[in-house]
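# Residue-level structure breakdown
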Amino acid sequence: MTTLTGSPALKLQVMCEGIRYTAALGRAAAHSMPNYYPYRFKPGEADPTGRGIATIPYLINTADGTEIRILGDGDSPWHVEGDAERGYALIDDRSGRREAIEFEPLRPWLTQKTDDGLPYAQAGVTTHGDMLVINVAPGCEYFLHKHDGVSMRCGFCAYGAPDERTLHLGQKTGQVEIPQPTLDRMAQAFEAVCSQTEIRHVYLVGGSLTDARKEGERFLQLARYVKQINHRRIPVALGSGAIPDDLLERFHAEQLVQHVCFNLEQGDAELFAKICPGKNRYVGYARWIESLETAVRLWGRGHVYTAMVAGIELEPEHGLEWEDASRRALAGAEDLCRRGIIPVYSLVWPVGGRQRPDFHARILSYFETLVFGCRDIRRRHALTISEGFMCHRCAYMQLECDLERVEEVMA
Ligand code: SF4
């Protein structure tokens, strides 16, 4: 295993161990892109806000452009000191090591509005680093269904059903088409973001529909519209669910997207069924892979991805230690790469098991084993992550691009 140094090593540790609250971290929120998840003080932790929660920044940028998502954790050995004038440092209590950092800034678009007064931040665009994510229909129908008392939503998902939270986007249950005013507002936000920061990847995502064909039609409408407004010709990735092959052929024939990423979440059929019951019921594991294989046939190797949630298998209910979990995940990665499909792993901490003294250590062991193992599997299958799809400047909770960059530097 390569020993990581520099920013990638820092990123791996901070991703797995989190950052605990300090006044400096709280102050940084005033000039940084805000985190979607507020900091939650643990019982007994000093809480200077007196509210139990605090706004914190979303992303750390290191001097070489490495991006790290901030996960707040009162048990973390990492904390932040400094201020905007003198600069910030990330400090490891165990060794006293200090790393100079910056936070992803609060760009003007985050406080600007469309012509008819909708904040751009609610117009269906978000960014992390140089990736712009378009999500104009975030409500997921899986949240609306239960079978045998089990909700069809994925176990880790923080989205929700199409409801009052999606009304400002005009999304309603049962309606496939995206309303034109929603697309036009998104276009204004898209232009504002692209003119204020360098965007090098566009990613189309959205909540799922129980009918994969209808979901494909919605994405077709979106991708056609994005092609019209994407004057800078930024590469676009299709992040729908596994949609029917004839629709994929239309995306390809019309050259609407350059990359495809249907998120399987788990490379193990049994865990997929447990963790993603809706995807399993309405699409199925085998069909999901077939759809990705069709995409490989159309777009070619190196253009087809599947995002995975890594770490959720450590939830106590699955009864897995990190060694078993990483072994199963690596077997799945081997199978996918053999088919020309590249899995990309986002770290998602288990909710349970916090009382274990090795809570952080097992996450770190699991994730490190997984990402290094996958790096070797990709190499063996001659697969590399396309710079058009993602890079180290946008991979905020993934390590693949950082590892590939380490190899480039060493070559
Ligand atoms: S399909 Fe996507 S949006 Fe729906 S529950 Fe699963 S992860 Fe969430």
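Calculation rules
- The written sequence of each chain sets the order in which its residues are numbered from 1.
- This being a predicted model, a pLDDT of at least 70 is required before a residue's local features are given, and a value of 80 or more before pairs of side-chain atoms are given or counted; all residues contribute to the totals for chains, interfaces and linings.
- For two strands to be treated as a pair, DSSP must find no fewer than two bridges joining them.
- Helix numbers and strand numbers start at the N terminus; a helix is a DSSP run of H or I with at least 4 residues, a strand a run of E with at least 2.
- To obtain an axis, a line is fitted to C-alpha atoms, over the contacting stretch when the element is a helix, and the angle between two such axes runs from 0 to 180 degrees between their N-to-C directions.
- Note on contacts: residues are paired as contacts if their backbone-placed C-beta atoms lie within 7 Å.
- Whether a residue is buried, exposed or partly exposed is read from the other C-beta atoms within 10 Å of its own C-beta, which are placed from the backbone; 20 or more gives buried, 12 or fewer gives exposed, and intermediate counts give partly exposed.

## Description of the sheet that holds strand β7 (residues 98-103)
Pairing is antiparallel across the open sheet formed by five strands, whose spatial order is β4-β3-β7-β6-β5. Edge positions in the open sheet fall to β4 (67-69) and β5 (78-83), since each of these has one partner strand only. Between one strand axis and the next, the sheet turns through 40 degrees on average, direction left out of account. As judged from the six bridges shared by β5 and strand β6 (residues 87-92), these two strands associate in the antiparallel manner. Bridge pairing in β6 links Asp 83 to Gly 87. The strands touched by helix α1 (residues 6-17) are β4, β5 and β7; relative to β4, the strand with the most contacts, the crossing angle is about 10 degrees.

## Some points on the sheet that holds strand β13 (residues 236-238)
Through backbone hydrogen bonds, the strands of a sheet pair up, either in parallel or in antiparallel fashion. Read across the open sheet, the seven strands follow the order β8-β9-β12-β13-β14-β15-β16; overall the sheet is mixed. Two strands in the sheet have a free side with no partner beyond their single neighbour: β8 (125-128) and β16 (342-347). Pairwise comparison of adjacent strand axes, ignoring direction, gives a mean angle of 30 degrees for this sheet. The pairing of β13 with strand β14 (residues 259-261) spans two bridges and is classified as parallel.

## Regarding the environment of Val 150
Turning to its location among the elements, Val 150 is positioned in strand β11 (residues 150-151). A tally of 12 C-beta atoms within 10 Å means that Val 150 is categorised as exposed. Taking C-alpha positions, Val 150 is 40 Å from Leu 106, a pair spaced 44 residues apart along the chain.

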